[in-house]
Amino acid sequence: MKIPEAVKTKVEAAIPLDRQVQGAHLYDKGRRWLTGTNGKKMFVERPIPPVEDVALADIDLSNPFLYRQGLWASYFERLRNEAPVHYQPNSPFGPFWSVTRHADIIAVDKNHEVFSAEPFIIIGEPPRFMDIAMFIAMDPPKHDVRRRAVQGVVAPKNLREMEGLIRERVRDVLDNLPVNEPFDWVSTVSIELTARMLATLLDFPFEERHKLVEWSDLATSMEQANGGPSDNDELFRGMVGMARGLSALWHDKAARLAAGEEPGFDLITMLQSDESTKDLIKRPMEFAGNLILLIVGGNDTTRNSMSGGVLALNQFPDQFEKLKANPELIPNMVSEIIRWQTPLAYMRRVAKTDTVLNGQFIRKGDKVVMWYASGNRDETVFERPDELIIDRRNARNHIAFGFGVHRCMGNRLAELQLRILWEELLPRFERIDVVGEPEYVQSNFVRGISKLMVELTPKRAG
Amino acid sequence: MAVVTFMSYDGDEHEAPLEEGSSLMQVATNNAIPGIDADCGGEAACGPCHVIVDPAWADKVGRSGPEEEEMLSMNPDRQPTSRLSCQVKASESWDGLTVQLPESQW
């Protein structure tokens, strides 16, 4: 049965968000019980064969262990060369097309008339009722209205107001790092800095900032969505916490503003002072969608670029020497790190009409996955694409932010955070050595580093 | 030689020779004009090559098309004569053209 949009909106508005999530959890439990899938993991890790041992038609880029097992680059390279628009009919997420060349990806990303971002931008789909509407998965004109309401928080003008605060918080973290002994860079630096940033953007209680990270990690690790390791019971319990936390944040902010507190530069203030969004809390699903998108969008991406940069400069130590000799290369290096890491592997579209892409006939309704991680290693655009080259002439042509109307709206904030991090690291540390094998996230979407042991050598005083 | 002036938000002027048939974005990047980035390489698919054409020149240079509008319409610094410079084909008959850069590129 199709429920009319207006009725759905009204019902959603009348029921508090946390209750709705609890209802969804019950539904999901019922579904798992009925289908006999309760407690079964969709994905169990097995060694993936080298790409040359696999028939072209059997290549399945949706395997959530390709990145962890370090085979992704060879799989992408083969598809770019032999089948740049490739069809996989039998993946655990159903059939989908893979687009792996830089130029083809731009062509798809630009063309929202033919390639729709609805209803989801991941290969699979989230559990039912967790499919919250986010504008990253909407087409114009609906997308434009929603995006306009929130993008001001990461607009360059707002960022200038925040730069001092970001730098102060980065310094505080770096000044307290252990030296000459191993520690985990991911949890101590990358996660800590992005959590602080998110708390700043949302004016979320600073001492509870770890919650934002937990919620974001849960939201991006759903197995049905992208092959992540999440347990649905844990997921739904986390989401109930998130619904309560975000609603409380809204009401608390409204009360503080009403009591005469100076309005800040944060997202909630921005939403509450705009005519079209001042009652957003009465549209709980839209409210949740906007906030989750911001939290997720600003979490994994910057975190993994912060970790990826350290890893890359260890793999290419001559580049670290070049950087120390030429700190003015930092802005270009930031683009190059984002290209090299490509923290989100892809975005998914659905063809709205029959169409032809680079010689392949794509039918209306087919899923089309744009593999940014492959476009960023396209040897026809980037020379020696697997190397980090911090003064690469065309580093800015990387595709990690996407192109077209869905281009990452936080791109300037991401660049700013990474630039400040490296500007503050260089004068403090002589060496940043990776001292253990990195650990990687299970996902076909997030190219995440979950653990990176490092040892810092401080610069000698004087 | 025909010359275009790129004026920064703070009023700094940078001149560059107008090359017939090149885009204004190419003119800017070939001459290392600060404040013009061409992330998508000229596909009207990013936005940081945004310029605001001197209104006196707007009819000659032309207005933004629907493809540019998709990127421009969401830009908070957008002005009536805003263009994505990658979509503006330069003409040697435009000697003396001035375009302003927005406060920030996004």
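Look up: the structure comes first, before these words.
Residues numbered from 1 in each chain as written. Chains lettered and ligands numbered in written order. Predicted model: local features only at pLDDT ≥ 70, side-chain atom pairs only at ≥ 80, totals over all residues. Heavy atoms only, no water.

### Some words on helix 15 (residues 330–341) of chain A
Each α-helix turn comprises 3.6 residues. Residues three or four places apart therefore point the same way.
All names here are of chain A.
Here is step 1 of the chain: Its twelve residues give helix 15 an end-to-end C-alpha distance of 16 Å, which sits within 8% of 16 Å, the value for a rise of 1.5 Å per residue.
Here is step 2 of the chain: Counting buried positions along helix 15 gives ten out of twelve residues, so the element sits mostly inside the fold.
Here is step 3 of the chain: Among the residues of helix 15, Ile330, Met333, Val334, Ser335, Glu336, Ile337, Ile338, Arg339, Trp340 and Gln341 are the ones counted as buried.
Here is step 4 of the chain: Looking at the buried positions of helix 15, the neighbouring elements they touch are helix 13 (300–315), helix 14 (317–325), helix 17 (411–425) and strand 11 (449–451).
Here is step 5 of the chain: One or two steps after helix 15, the chain reaches Thr342, where phi turns positive at roughly 45°. (Helix = DSSP H or I, 4+ residues; strand = E, 2+ residues; numbered from the N terminus. Expected span 1.5 Å × (residues − 1). Buried < 20%, exposed > 50% of the residue type's maximum accessible area, 1.4 Å probe, protein only. Contact = heavy atoms within 4.5 Å.)

### Here's the deal with the interface of chain A and chain B
Here is step 1 of the chain: Each partner contributes to the interface: chain A provides 22 residues, whereas chain B provides 20 residues.
Here is step 2 of the chain: Both faces considered, chain A and chain B share a buried interface measuring about 1,800 Å² in area, 49% of it formed by carbon and sulfur atoms.
Here is step 3 of the chain: Together, Lys110, Arg396 and Arg412 of chain A form the three largest contributors to the area buried by chain A at its contact with chain B, with a combined 26%.
Here is step 4 of the chain: One can count eight salt bridges joining chain A with chain B.
Here is step 5 of the chain: In this structure, Glu103 of chain B engages Arg160 of chain A in a salt bridge whose closest nitrogen and oxygen atoms are separated by 3.1 Å.
Here is step 6 of the chain: If you list the elements that add at least two residues to the side of chain A that touches chain B, you get helix 4 (102–110), helix 5 (142–151), helix 6 (156–175) and helix 17 of chain A.
Here is step 7 of the chain: For the side of chain A that touches chain B, the leading source of residues is helix 5 of chain A, giving five residues.
Here is step 8 of the chain: Here the side of chain A that touches chain B is composed, by residue class, of seven nonpolar, six polar and nine charged. (Buried area = accessible area lost by both parts, 1.4 Å probe. Salt bridge = Lys/Arg side-chain N within 4 Å of Asp/Glu carboxyl O. Nonpolar A, V, L, I, M, F, W, Y, C, P; charged D, E, K, R; others polar.)

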